[in-house]
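Below are the chains, spelled out letter by letter.
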Amino acid sequence: MYTRLLNLKMFFANHNKVVEPDISRLALKRSSTFIPPQNPIVYLFEMLCESQLCRVVKTSLIKEDNLTSTERFCLKELTTKDKYRVMKPDKGGGVVIMTKIDYINKMTNMLDDETYEKVSKFEMNRAYTKIDWLLYDYLIEGMIDKQEYESYCGTSCYPIDFWHSKNTNV
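Note that this is a predicted model, so its numbers are computed, not measured. (Residues numbered from 1 in each chain as written. Predicted model: local features only at pLDDT ≥ 70, side-chain atom pairs only at ≥ 80, totals over all residues. Heavy atoms only, no water.)

### Notes on a nonpolar patch on the surface
- There is a patch of nonpolar side chains on the surface, built from Met107, Met110, Leu111 and Tyr116 and spanning about 410 Å² of accessible area.
- Relative to the helices and strands, Met107 resides in helix H4 (residues 100-111). (Patch = residues over 30% accessible without salt bridge, like charges linked within 9 Å, V, L, I, M, F, W, Y side chains within 5 Å. Areas by Shrake-Rupley, 256 points an atom, 1.4 Å probe, with all protein chains shown as cover. Salt bridge = Lys/Arg side-chain N within 4 Å of Asp/Glu carboxyl O. Helix = DSSP H or I, 4+ residues; strand = E, 2+ residues; numbered from the N terminus.)

The following block contains the structure:
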């Protein structure tokens, strides 16, 4: 992730324009899918860091094990058998260990509550498409500008792509 940021900085190094993101719209902004070209200097830096980390990991030895051999055996059994599910708790630190049957039953009971409604992937995609078209309508009606529209949709908003492909065929 860090090298991607370095590659982005190197890629946009010649641009003088610095755009500060508007914090109020970050919650609605889709993640960027742009992958900048690999810069050779950044690549060498990444390889150097990786080799140094490998060297450190290989040379560092655990002097004392904080688990007994019995505890280590039990932990290995829990993680290798398909009967149990080992998870992080929602709040706080620690480990939650449940049988898969108990986990499925608890999740089913929670989702069967009236709070949740079962929807298909098609319905989710249809909802996202409605949002994209609504934002496009706002753009056309002048309620938002193109920069605002792109900050909400990113570069892959459906209506603009659809509109451009329709106009190029005409």
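Back to the text.
### Considerations on the packing of helix H1 (residues 2-11) against helix H2 (residues 40-59)
- The contact between H1 and H2 brings their axes to 9 Å, and the two run at 160°. By the angle between their axes, H1 is roughly antiparallel relative to H2. Between H1 and H2 lies a crossing whose hand is right-handed. Contacts between H1 and H2 pair Tyr2, Thr3, Leu6, Asn7 and Met10 from the former with Val42, Phe45 and Glu46 from the latter.
- In the contact of H1 with H2, the residues fall into five nonpolar, two polar and one charged. (Axes fitted to C-alpha atoms, helices over the stretch in contact; angles between N-to-C directions. Parallel < 35°, antiparallel > 145°, perpendicular 65-115°, else oblique. Left-handed = near helix turned anticlockwise from the far one by under 90°. Contact = heavy atoms within 4.5 Å. Nonpolar A, V, L, I, M, F, W, Y, C, P; charged D, E, K, R; others polar.)

### Here's the deal with the packing of helix H5 (residues 121-140) against helix H6 (residues 146-153)
- In contact at an axis separation of 10 Å, H5 and H6 are set at 170° when each is read in the N-to-C sense. Overall, the two elements H5 and H6 adopt an arrangement that is roughly antiparallel. Where H5 approaches H6, its residues Asp132, Leu135, Tyr136 and Leu139 are matched on the opposing element by Lys146, Tyr149, Tyr152 and Cys153.
- Its residues assigned to classes, the contact of H5 with H6 comprises six nonpolar, no polar and two charged.

### Remarks on the confidence of the model for the protein chain
- Scored by pLDDT, the protein chain comes out at a mean of 76, with 77% of its residues at no less than 70.
- The secondary structure element of the protein chain with the lowest average pLDDT is helix H7 (residues 158-169), at 45, and the one with the highest is H4, at 88.
- Confidence drops under pLDDT 50 across residues 160-170; counting only partners more than four residues distant or on other chains, this segment forms seven contacts. (pLDDT = per-residue confidence, 0-100.)

### Some remarks on H5
- If you check H5, its first and last C-alpha atoms are 29 Å apart, about what 20 residues at 1.5 Å a residue would give, namely 28 Å.
- Residues of H5 that are buried include every one of Asp132, Leu135, Tyr136 and Leu139, and no others. An end-on view of H5 places all buried positions within 105° of arc, on one side of the element. Opposite the buried face of H5, by more than 90 degrees, sit the exposed residues Phe122 and Lys130.
- Following H5 by one or two positions, Gly142 adopts a phi angle in the positive range, close to 80°. (Expected span 1.5 Å × (residues − 1). Buried < 20%, exposed > 50% of the residue type's maximum accessible area, 1.4 Å probe, protein only. Arc of directions from axis to C-beta.)

### Quick look at the side chain of Thr3
- Secondary-structure assignment places Thr3 in helix H1.
- The contact partners of Thr3, leaving out residues within four places of it in the chain, are Val42 and Glu46.

### Some details on the pattern of salt bridges
- All told, the structure shown has one salt bridge when counted by the stated rule.
- Between Asp82 and Lys100 there is a salt bridge whose closest N-O contact spans 3.0 Å. Remark: Lys100 occurs in helix H4 and Asp82 occurs in the loop between helix H3 (69-80) and strand E1 (84-87); sequence separation between them is 18 residues.
- For Asp82, a relative accessible area of 60% puts it in the exposed group.

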